[in-house]
Amino acid sequence: MGTTGKIYGINGPVISLKGNLGFKMSEMVYVGGKRLIGEVIGLTREMTTIQVYEETTGLKPGEIVEGAGSAICVTLAPGIINNIFDGIERPLEKIAEGNGAFIPTGVNVDSLDREKLWDAHITVQPGDYVHGGTVIAEVPETKSITHKVMVPPDTEGKVVRVVTDGAYTIEQELVVIEDEKGRERSLTMTQKWPIRVPRPIGKRYPADRPLVTGQRILDTLFPIAKGGTAALPGGFGTGKTMTQHQLAKWCDADVIIYIGCGERGNEMTNVLEEFGELVDPKSGNLLMERTTLIANTSNMPVAAREASIYTGITLAEYYRDMGYHVAIMADSTSRWAEALRELSGRLEEMPAEEGFPAYLASRLSAFYERAGYVENLNGTDGSVTIIGAVSPQGGDFSEPVTQNTKRFVRCFLALDKSLAYARHYPAINWLTSYSEYVNDLAPWYSAQVGSNFIYCRNQILNILTTENRLNEIVKLIGSDVLPDDQKLILEIARVIRLGFLQQNAFHKDDTFVPMEKQLKMMETILYLYEKCKALIEMNMPMALLRESDVFEKIIAIKYDVPNKNLEMFDTYHRMIDDFYQHLIATNA
């Protein structure tokens, strides 16, 4: 029996116990007759404060609170992938089987199936010395992911006994080791790990390779590094969730952890339905075979939102330790911050800007800093990339969550309401977005894609920036008064916007675009620009150039050139040459 106490006061998800009863900070507790899960968040000589991760309706003073003796942990073992959990790692499908569509309070379900047999191949022998991170067995978890059973980080010793290859449950003994003091310890497929403690690593690597997403505006203009951090802020209807869906479907991560934090239930339903049907282009298996969903929707208890973010990042770190590249989609961190605000208000803490607690920045930084490209304890390389959506009220980027997130991420992908309403998707504004990874990734682009990739990218961005400046003049005095060279910039910028930046998620060749095609598209657009500029310098009017359909044909490249047939770009270069020669011949 752990430490116990009696409820003294109840304030929503926050309950208080009178006196210092021997509980530890961050200890997990069971509250009341229904044994609701909670966590100790405050200790003084006079009072113990606990936040409850479930609905507290019906609780009354005097009910017993019992300590678990350990921090809130997640169970790490085969069965995590292709599963859907709530914020504290309870499997929602299992709960639905026994209790219907709504989660009853105090429901106690094992995080993972303890009865299921997994085929284990043992990778160590008696006499081997093992330490934290050493792989002791391999288990085919899904068709896409092989689960590597590892020694817990704080354990080392000499292997004494191993079982033969075969089918075992997650709690059956696989390996027995002996530590330096001669004590034996049995290892199973299961580990427990506290969600608020980052898992240890060997060393960090610099961000020198990109997370390839197949989305042109991201891969080209605002790349995200593997092990990097990105924020995706945008008001209602700007396509945050859809952009994250695209990234989850197409990015070259091995494992996807999708956290629906305080989002509407219908959005999580969309994710479930889509991901359950989609075929992973890399493996040919279903996308869910490498995906885990954590659903903490807006009608679930607010305190569990706070835990869901940490649960997701801990699961991601566990798969990173196996040598996988993991991408986390956190949708949305604003709802998480709102949960912090509510709890802070209940605790009667002094509010900071817009009622958010003063420690909002430190909590955000602690979350984003758990990303990284690392060498694991077992010598393998793995990464955790965090892409967090932010939902500022009214699309106002000056509010605290967006501003504080901006401090800790190196890639800022600002979604624009006017672009979304004009049906330009992804609605990422190329003027207010930025990526600090461009210089770090430049050597990779030069080596793997093409030596002129960064040059082409800078030229494209330069044209778009110039267009914005010219549009200010056009608004005042109209486009007719502009000289032809500036009219050309406006036309080429239109080609870039419609033919390169705008991308159709429902077109088989446009939903994902390989890096080679992205470079070829940029080269073709810039080649057209150079040829047109030469014609303008020969005093040919822009109106004459517009008579040709060459601009529209270049815009249509994204649909007309299949991803596997890139030699077709040569015909477009010849078409531009013919257009150039024709105008010179007819207007000489």
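Residues numbered from 1 in each chain as written. Predicted model: local features only at pLDDT ≥ 70, side-chain atom pairs only at ≥ 80, totals over all residues. Heavy atoms only, no water.

Draft legend 1. Representation of the overall build of the chain within the structure. Summing up its helical and strand segments, the chain has 17 helices and 26 strands in all. In terms of C-alpha radius of gyration, the chain reaches 28 Å, essentially the compact-globule figure of 25 Å for 588 residues. Its C-alpha atoms give the chain principal-axis dimensions of roughly 95 × 55 × 40 Å. For the chain, the proportion of its 588 residues judged to be buried stands at 54%. Contacts spanning at least 24 positions in sequence make up 70% of the contacts within the chain whose residues lie at least 6 apart. When the accessible surface of the chain is totalled, it reaches about 24,800 Å², and 50% of it is carbon and sulfur. (Helix = DSSP H or I, 4+ residues; strand = E, 2+ residues; numbered from the N terminus. Rg over C-alpha atoms; globule rule 2.2 N^0.38 Å. Buried < 20%, exposed > 50% of the residue type's maximum accessible area, 1.4 Å probe, protein only. Contact = heavy atoms within 4.5 Å. Areas by Shrake-Rupley, 256 points an atom, 1.4 Å probe, with all protein chains shown as cover.)

Draft legend 2. Structural detail: the packing of helix H5 (residues 303-321) against helix H6 (residues 333-346). Contact pair H5 / H6: the axes reach a minimum separation of 8 Å and the direction vectors enclose 135°. Overall, the two elements H5 and H6 adopt an arrangement that is oblique. Both H5 and H6 take part in a crossing whose hand is left-handed. Along the contact surface, H5 presents Ala303, Arg305, Glu306, Ile309 and Tyr310, while H6 presents Arg335, Trp336, Glu338, Ala339, Leu340 and Leu343. Split by residue class, the contact of H5 with H6 holds seven nonpolar, no polar and four charged. (Axes fitted to C-alpha atoms, helices over the stretch in contact; angles between N-to-C directions. Parallel < 35°, antiparallel > 145°, perpendicular 65-115°, else oblique. Left-handed = near helix turned anticlockwise from the far one by under 90°. Nonpolar A, V, L, I, M, F, W, Y, C, P; charged D, E, K, R; others polar.)

Draft legend 3. Molecular detail of the layout of surface pockets. Here the largest pocket defines a volume of roughly 790 Å³. Taken together, 33 residues make up the lining of the largest pocket; nearest its centre are Thr238, Gly239, Met242, Thr243 and Tyr425. Ranked by residues supplied to the lining of the largest pocket, first place goes to helix H3 (residues 240-250) with six residues. Class assignment of the residues belonging to the lining of the largest pocket gives a composition of ten nonpolar, 16 polar and seven charged. (1 Å grid on protein atoms, 1.4 Å probe; cavity = no way out; pocket = protein on both sides within 12 Å on 5 of 7 lines; lining within 4 Å. Points joined across faces, edges and corners; volume = space filled by probe spheres on them.)

Draft legend 4. Fine view of the packing of helix H11 (residues 453-477) against helix H12 (residues 484-501). Look at H11 against H12: their axes get within 9 Å of each other, and the N-to-C directions meet at 120°. As summarised for this structure, H11 and H12 are arranged oblique, according to the angle between their axes. Both H11 and H12 take part in a crossing whose hand is left-handed. Across the interface between the two elements, Ile460, Ile463, Leu464, Thr466, Glu467, Leu470, Asn471 and Val474 of H11 pack against Gln486, Ile489, Leu490, Ile492, Ala493, Ile496, Arg497 and Leu501 of H12. Grouping the constituent residues of the contact of H11 with H12 by class yields eleven nonpolar, three polar and two charged.

Draft legend 5. Layout of the nonpolar core. Leu221, Ile492, Ile496, Leu528, Leu545, Phe551 and Ile554 are the most contacted members of the largest nonpolar core, which has 93 residues in total. In terms of residues, this core owes the most to one element, helix H13 (residues 515-537), which gives eleven residues. Excluding residues that lie within four positions of it along the chain, isoleucine 554 makes contacts with Val495, Thr524, Ile525, Leu528, Tyr572, Met575 and Ile576. In terms of nonpolar packing, the next biggest core, distinct from the first, is built from 73 residues, Ile177, Ile294, Ile328 and Val401 among them. (Core = buried A, V, L, I, M, F, W, Y, C linked by side-chain atoms within 4.5 Å.)

Draft legend 6. Structural detail: the environment of glutamine 581. As for its placement among the helices and strands, glutamine 581 is situated in helix H17 (residues 569-587). Glutamine 581 gets classed as partly exposed once you look at its relative accessible area, which sits at 48%. In the structure, glutamine 581 is positioned 393 residues away from threonine 188 in sequence and 73 Å away in space, judged by C-alpha atoms.

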